[in-house]
Amino acid sequence: MSETFASKIIAFNRELDYTGTLPDGFAVVNPFRENPETCRVMEQFYRKYYDDTRPRRFLIGINPGRHGAGVTGVPFTDTKRLEQVCGIRMESEHSHEVSSVFVYDLIEQYGGAEAFYRDFYINSPFPLALVRRTERGGEVNANYYDTPALRRMTEDFMVDSLRRQCAFGLDTTEVYVLGRKNADCVARLNRRAGLFARMVVLEHPRYIQQYKSKEKQSYIDKYLRTLRRELPDSALTQVE
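Rules used in this analysis
The written sequence of each chain sets the order in which its residues are numbered from 1. Per-residue local features are limited, in this predicted model, to residues with pLDDT of at least 70; the limit for side-chain atom pairs, both in listing and counting, is 80 or more; totals at the level of whole chains, interfaces and linings are taken over all residues. To get the side-chain values, all heavy atoms of the structure are used, and hydrogens and water are removed first. Helix and strand definitions here come from DSSP, where helices need a minimum of 4 consecutive H or I residues and strands a minimum of 2 consecutive E residues; each element is numbered from the N-terminal end. Throughout, the radius of gyration refers to the C-alpha atoms, and the reference size of a globule is 2.2 Å times the residue count to the power 0.38. The buried label goes to any residue with under 20% of its type's maximum accessible area, the exposed label to any with over 50%, and the partly exposed label to all in between, with areas taken from a 1.4 Å probe on protein chains only. By the criterion applied in these results, polar contacts are pairs of N or O atoms within 3.5 Å in which, for protein atoms, one can donate a hydrogen and the other can accept it, and in which residues neighboring in sequence qualify only through two side-chain atoms. Nonpolar core, defined: a set of buried Ala, Val, Leu, Ile, Met, Phe, Trp, Tyr and Cys residues in which side-chain atoms within 4.5 Å join the residues together. In what follows, residue pairs with any heavy atoms lying within 4.5 Å of each other are defined as contacts. Here a cavity denotes a set of grid points, spaced 1 Å apart and computed over the protein atoms alone, in which a 1.4 Å probe fits but from which it cannot get out, and a pocket denotes an open set meeting protein on both sides within 12 Å along at least five of seven lines; residues with an atom within 4 Å of a point are reported as lining. Grid points are joined across faces, edges and corners, and a volume is the space filled by probe spheres set on the points. Each axis is a line fitted through C-alpha atoms, taken for helices only over the stretch in contact, and angles between the N-to-C directions span 0 to 180 degrees. Whether a crossing is left-handed or right-handed is set by the direction in which the near helix is turned from the far one by less than a right angle, anticlockwise for left-handed and clockwise for right-handed. Ten residue types, Ala, Val, Leu, Ile, Met, Phe, Trp, Tyr, Cys and Pro, are classed as nonpolar, four, Asp, Glu, Lys and Arg, as charged, and the remainder, Gly among them, as polar. Here, strands pair whenever DSSP counts at least two bridges between them. Put simply, a salt bridge is a Lys or Arg side-chain nitrogen that is within 4 Å of an Asp or Glu carboxyl oxygen.

Undergrad: Help me understand the overall build of the protein chain in this model?
TA: Helix and strand content of the protein chain: 11 helices and 8 strands. By the compact-globule yardstick of 18 Å for 240 residues, the protein chain fits well, its C-alpha radius of gyration being 17 Å. Taking the principal axes of the C-alpha coordinates as reference, the protein chain spans close to 45 × 45 × 40 Å. Per-residue burial over the protein chain gives 56% buried out of 240 residues.

Undergrad: Would you take a moment to explain the side chain of Asn63 for this structure?
TA: Within the secondary structure layout, Asn63 lies in the loop between β2 (56–60) and α4 (69–72). A relative accessible area of 10% means that Asn63 is categorised as buried. Here the side chain of Asn63 touches Ala142 through a polar contact of 2.9 Å, landing on its backbone oxygen. Polar side-chain contacts of Asn63 include one of 2.8 Å to the backbone nitrogen of Tyr144.

Undergrad: Could you clarify how one ought to interpret the nonpolar core in this entry?
TA: With 76 residues, the main nonpolar core has Phe45, Tyr50, Phe116, Tyr117, Tyr144 and Phe196 as its most contacted residues. Those residues in contact with Phe116 that lie beyond four places of it in its chain are Leu59, Leu106, Ile107, Tyr110, Ile122 and Leu227.

Undergrad: Looking at this structure, how should I read helix α1 (residues 5–15)?
TA: Along an α-helix, a turn takes 3.6 residues, which lines up residues three or four apart on a common side. Within α1, burial applies to Phe5, Ala6, Ser7, Ile9, Ile10, Phe12 and Asn13. Each element contacted by the buried residues of α1 is listed here: α2 (31–34), α3 (36–49), β2, β3 (120–123), α8 (148–166) and β6 (170–178).

Undergrad: Where do I start with empty space enclosed by the protein in this structure?
TA: If a probe the size of a water molecule is rolled over the atoms, the empty space left behind becomes visible. In the structure shown here, the tally under the stated rule is 3 cavities of 30 Å³ or more. The calculated volume of the largest cavity comes to roughly 70 Å³. Taken together, 13 residues line the largest cavity, and the ones lying closest to its centre are Phe32, Pro64, Gly73, Asn123 and Pro127.

Undergrad: It is not clear to me how the packing of α8 against helix α9 (residues 180–193) should be interpreted in this structure. Could you clarify?
TA: Working note: a packed helix pair is described by the angle between its axes plus the distance between those axes. Following both chains from N to C, one finds α8 and α9 inclined at 65°, their axes separated by 10 Å at the closest point. Pair α8 / α9 crosses with right-handed handedness. Here Arg151, Glu155, Asp156, Met158, Val159, Leu162 and Arg163 of α8 lie close against α9, whose contacting residues are Cys185, Arg188, Leu189, Arg192 and Ala193. Split into classes, the residues belonging to the contact of α8 with α9 amount to 6 nonpolar, no polar and 6 charged.

Undergrad: Honestly, the sheet that holds strand β1 (residues 26–29) in this entry has me stumped. Any pointers?
TA: Sheet strands associate in pairs through backbone hydrogen bonding, adopting either a parallel or an antiparallel arrangement. If you trace the 3 strands from one edge of the open sheet to the other, you get β1-β4-β5, paired in antiparallel fashion. The outermost strands of the open sheet, each flanked by one partner alone, are β1 and β5 (139–142). Taking the axes of each pair of neighbouring strands and ignoring which way they run, one obtains an average angle of 40° across the sheet. The pairing of β1 with strand β4 (residues 129–133) spans 4 bridges and is antiparallel. By the bridge assignment for β4, Val28 is matched with Leu130.

Undergrad: What's the story with the pairing of β4 in this structure? I'm lost.
TA: Every regular strand shows the same layout, with side chains that alternate between the two sheet faces. The pairing of β4 with β5 spans 4 bridges and is classified as antiparallel. Bridge pairing links Val131 to Asn141 in β5. Joining the antiparallel neighbours β4 and β5 is a turn of 5 residues, in which Gly137 adopts a positive phi near 90°.

Undergrad: Just to check I follow, could you spell out the pattern of salt bridges for this structure?
TA: Pairing between side chains of opposite charge can happen when the charged atoms of each approach one another. With the rule as written, the count across this model stands at 20 salt bridges. A salt bridge links Asp105 to Lys216; the shortest N-O distance between them is 2.4 Å. Linking Asp105 in helix α6 (residues 98–110) with Lys216 in helix α11 (residues 216–227), this pair joins segments that are 111 residues apart in sequence. For Arg188, the salt bridge goes to Glu155, with nearest N and O atoms at 2.8 Å. Here Arg188, found in helix α9, pairs with Glu155, found in helix α8; they are 33 residues apart in sequence, far enough to count as distant. For Arg188, a relative accessible area of 38% corresponds to the partly exposed category. You can call Glu155 buried: its relative accessible area is 9%.

Undergrad: So what exactly am I meant to see when it comes to the environment of Leu16 here?
TA: Inspection of the secondary structure assignment puts Leu16 in the loop between α1 and β1. Not counting residues within four places of it along the chain, the set of residues in contact with Leu16 comprises Asn30, Phe32, Arg33, Pro127, Leu128 and Phe157.

Encoded structure:
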């Protein structure tokens, strides 16, 4: 019997470890090694929605936030959505993540979690959370492209990560990249690895929630038409 999509994702997540260097002030948060419950709920999630061998299309985010996949191990999913939508409760952590709100509103309008996750897989080139230390000793979310040095130091890891994820059984003829800066970097990675035939850029959920909340439904409509392939090529931002 073929190994399921879920089994491949779970094994990938459990093995994730960044051992490379980082610029001063940056650090990696690996919830799969730091919180045993993250592994438990992550496995429940993928067993529930991905325990088959169906090909799926890839939505590529930036890297997990501290309050989303940096806690739950599930991209764009905070503990609220994990419990309320997916029926999986996390006891050790309670989180709210802005991008998760948009993504799960989109999922609801797509037809629900089962329908959406049957068709799509979401993750990132750098699938672990990144943080930057502040002058006061706190931590804030960081993006892998925040500095040229950070992007350069993590590039080999990201190329390998994308190759391994594509091997799960993804349909790589067309992928959807969330955020323009992210798309520029993924295009660079793709020139090295040659993984994706075509890339379509969508506005990042955090940007929409934070700056375009009054137009949120129009962005959801655009996502839905794009993911259902109802828009002509001329209406899409493409990175070849």
